[in-house]
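Structural characterization, general
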Amino acid sequence: MTIFSIIFYVSIGILLCILYFHLSNLLFDFFSKKYSNESSLRAFIFIAPAFIILLIYILYPVVETVRLSFFDKYGRDFVGISNYIWAIKDPEFKRGILNNLGWLLIVPTLSTFFGLVIANLADRIWWGTIAKSIIFMPMAISFVGAGVIWKFVYDYRGPGDQQIGFLNAIIVSLGFEPQAWITIPIWNNLFLMAIMIWIQTGLAMVIFSAALRGVPKEMLEAARIDGASELKIFTSIIIPYLNQTILVIWTIITIVVLKIFDIILAMTNGQWQTEVLANLMFDWMFRGGGDSGRGSVFAIVIMVAVVPIMILNIYRHKQEEKI
Amino acid sequence: MKKNLLSSFLAQFLLLVFVIVWIIPTFGLFVSSFRDKDLLAISGWWTSLITTQVNEIHRTVNMESQIQENNIYIIKENIFVKNSKKKISSFGITSKNINQFLVKETATLKDGSKLTVYENGDYIWKSQKPFKNKKGRRIFITASSPPKFTFDNYKEVLFKEGVGQAFLNTLTVAIPSTIIPLIICSFFAYALSWMKFFGRDTLLALIIASLVVPLQMSLIPLLSFYNDIGALFNISSKSYPGVWLAHTGFGLASTTFLLRNFIKSLPHEMMEAAKVDGATHYDIFLKIILPLSIPAFASIFILQFLWVWNDLLVGLVFLDQVPSEIIITAKLRELLGSRGENWEILTTGAFVSMTVPLLIFFLLQRYFIRGLVAGSVKG
């Protein structure tokens, strides 16, 4: 494709979208002149495209995925819960669940913790803004790009050779044997998680930074005058004050981590016991010509894990609207 | 006072450690993408400013280049193909002993011929008998290679490896996938905040619920849905419009939610006044809401654009993995598989894929952060 055909396609797509709204509203204006009040037809015009897309891309698939999980690999014959039974017995599934749990425990916790510490440090130091920019930068990079960056850091050469991976170069200079980090079962998961922590800490940091401005200055001053140490202020004033924000950040990162896929696919594709649910699902969408039944089971397990957060969000939203 | 100074010093030190740990991986990638590929393969990027020792194998030219002078047959050439800044320190003629001779020393080969190699790569090979070798003879050299930075990797990656095309493909995916949801959702968000219709609160709850529905839930049904449509009209089930709509669908909930929160916060007296003057909802939307929402649009545009640009999964599932459609993240993943040891390709490819996000990041960081914070505090 040439640049011109790209511009052509892109403009057509966007123009069609604008035309719909403009023409339908003009038509509506034209025909509704007889009525003094705007009917709910106008609301329909405003809502229809978004609602149809929501229906096709979110609501229908959710129902359909649940249905497919009870059907065979082609989605034709009802097979009861045999896909679920298969999953429970499948060693890869077990590995995936364990790894996902590990990711869920470690990544949100450490990202939130680092984010909080960095936001706190940076607010008190004159070059803090630059520091925050640097810590935040990985948020802009794709997971695959981050994968390449870290694969380069973890690169392994034989013991006699010159190491070109930064981590092994450090290890060797300290007098240890170089390691092929991403192939050491179980531990390799930690090295993959480090990538995610590297990315998500920036997110936690900026949100904490915004929230920290809300901590009353008088309270901090008073504590300092009373001789509280900075550490004490951090643990006894700032953390309790931010506990809502901590919860929010923790849930956001949890959702991202539940769906973790790109990093695994790019770095190991689930080898060396790094399998996770989302990657297994992608795998089963195409493995053996594609098995929609088994693939759906993985999707549903991820979905079920998200449901509590979903309910919490709706509840919180209702509370906010009341105020 | 002394205690304050100490704690401030500790804080600065700790922050510095974080910054260094965070920047080193990206910095290493950046430096490596400009290094000569032969040097990159044998030395760490942190050595890129110092001279590196390299061991290389070269071949002499074959018998066709020999000249005859006073009954002595001579082959005279330079080892290096291009002008090289490498300096040879020693050489060898067997793989067992690659540093057998220093430069300017003369090696006597089995057949009695004599070979001398000079520092700049020139060599002279003399023999009493005519040379009969059809293939060049191997010479092993140890040379010091000065730091070398180049744009060659970029040329190679952009034009030969197809990353340039993938970059354009990603733009083709990302621009409409950002603008279309923005248009559709702004109307939707307006209706959700200021219009009265049946089921509005339910719809809003549905949007909030959809915020966290994992993408994975949609993939299998949508893939078969696309295949059915493709079969029905006898067209390919994978196309750019298909991806645009998929991204619109997956970004719909968050875009609507953020916009709705923003539009809801605008002063409603303005709208009441316009209504009294006989303005329709469409007028109000175009003339009042749209201009006021520009900053919110900027934030949401950036969030969605970066999301789409960095996406891998949707691009893998809804586009063919062919040169005219493959997106840059998918291309990068393909290179990780096929060119896993060619770090000059991987580092450069990764850096090309990062240019747009980094540009947006450094130019529009404020809007990016604003969007993230708005999205998080509420959602």
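What counts and how
- Residues numbered from 1 in each chain as written.
- Chains lettered and ligands numbered in written order.
- Predicted model: local features only at pLDDT ≥ 70, side-chain atom pairs only at ≥ 80, totals over all residues.
- Helix = DSSP H or I, 4+ residues; strand = E, 2+ residues; numbered from the N terminus.
- Rg over C-alpha atoms; globule rule 2.2 N^0.38 Å.
- Contact = placed C-beta atoms within 7 Å.
- Buried ≥ 20, exposed ≤ 12 C-beta atoms within 10 Å, placed from the backbone.
- Domains from an automatic or database assignment.
- Pairing = 2+ DSSP bridges.

Quick look at the overall build of chain A
- In terms of helices and strands, chain A carries 14 helices and zero strands.
- For chain A, whose C-alpha radius of gyration is 26 Å, the value lies well above the compact-globule estimate of 20 Å for 323 residues.
- In terms of overall dimensions, chain A has C-alpha extents of about 85 × 65 × 50 Å along its principal axes.
- Counting only contacts in chain A whose residues sit at least 6 apart along the sequence, the fraction spanning at least 24 positions is 66%.

Some words on the overall build of chain B
- On a plain count of helices and strands, chain B comes out with 13 helices and nine strands.
- For 379 residues, the compact-globule estimate of 2.2 N^0.38 gives 21 Å, and chain B exceeds it by more than 25% at 32 Å.
- Principal-axis analysis of the C-alpha atoms gives chain B an extent of 110 × 80 × 35 Å.
- Counting all 379 residues of chain B, 41% fall into the buried class.
- In chain B, the share of contacts with a sequence separation of at least 24, taken over all contacts with a separation of at least 6, comes to 72%.

Structural notes on the domain arrangement of chain B
- Along its sequence, chain B is carved into domain 1 (52-146) and domain 2 (154-378).
- Between the C-alpha centres of domain 1 of chain B and domain 2 of chain B there is a distance of 60 Å.

A few points about the sheet that holds strand S5 (residues 101-102) of chain B
All names here are of chain B.
- Overall, antiparallel pairing links the four strands, which are arranged S1-S9-S4-S5 in an open sheet. Two strands close off the open sheet at either side, each with one partner strand: strand S1 (52-59) and S5.
- Where strand S4 (residues 87-92) and strand S9 (residues 138-145) come together, five bridges link them in antiparallel fashion. Each residue of the ladder has a partner; that of Gly92, found in S9, is Phe140.

Quick look at the environment of B:His58
Residue and element names in this part refer to chain B.
- Looking at the element boundaries, His58 is found in strand S1.
- Judged by the 19 C-beta atoms lying within 10 Å of it, His58 is partly exposed.
- C-alpha separation for the pair His58 and Val103, spaced 45 residues apart in sequence, amounts to 15 Å.
- Residues contacting His58, with those up to four places away along its chain left out, are Ile79, Ile139 and Ile141.

So, the pairing of S4(B)
- For S4(B) and S5(B), the ladder comprises two bridges, and the chain directions are antiparallel. Its bridge partner lying in S5(B), B:Ser90 is registered against B:Leu102.

Here we look at helix H8 (residues 268-276) of chain B
- Counting buried residues along H8(B), only zero of its nine residues qualify, which leaves the element largely exposed.
- Looking one or two residues beyond H8(B), the residue adopting positive phi is B:Gly278, at roughly 95 degrees.

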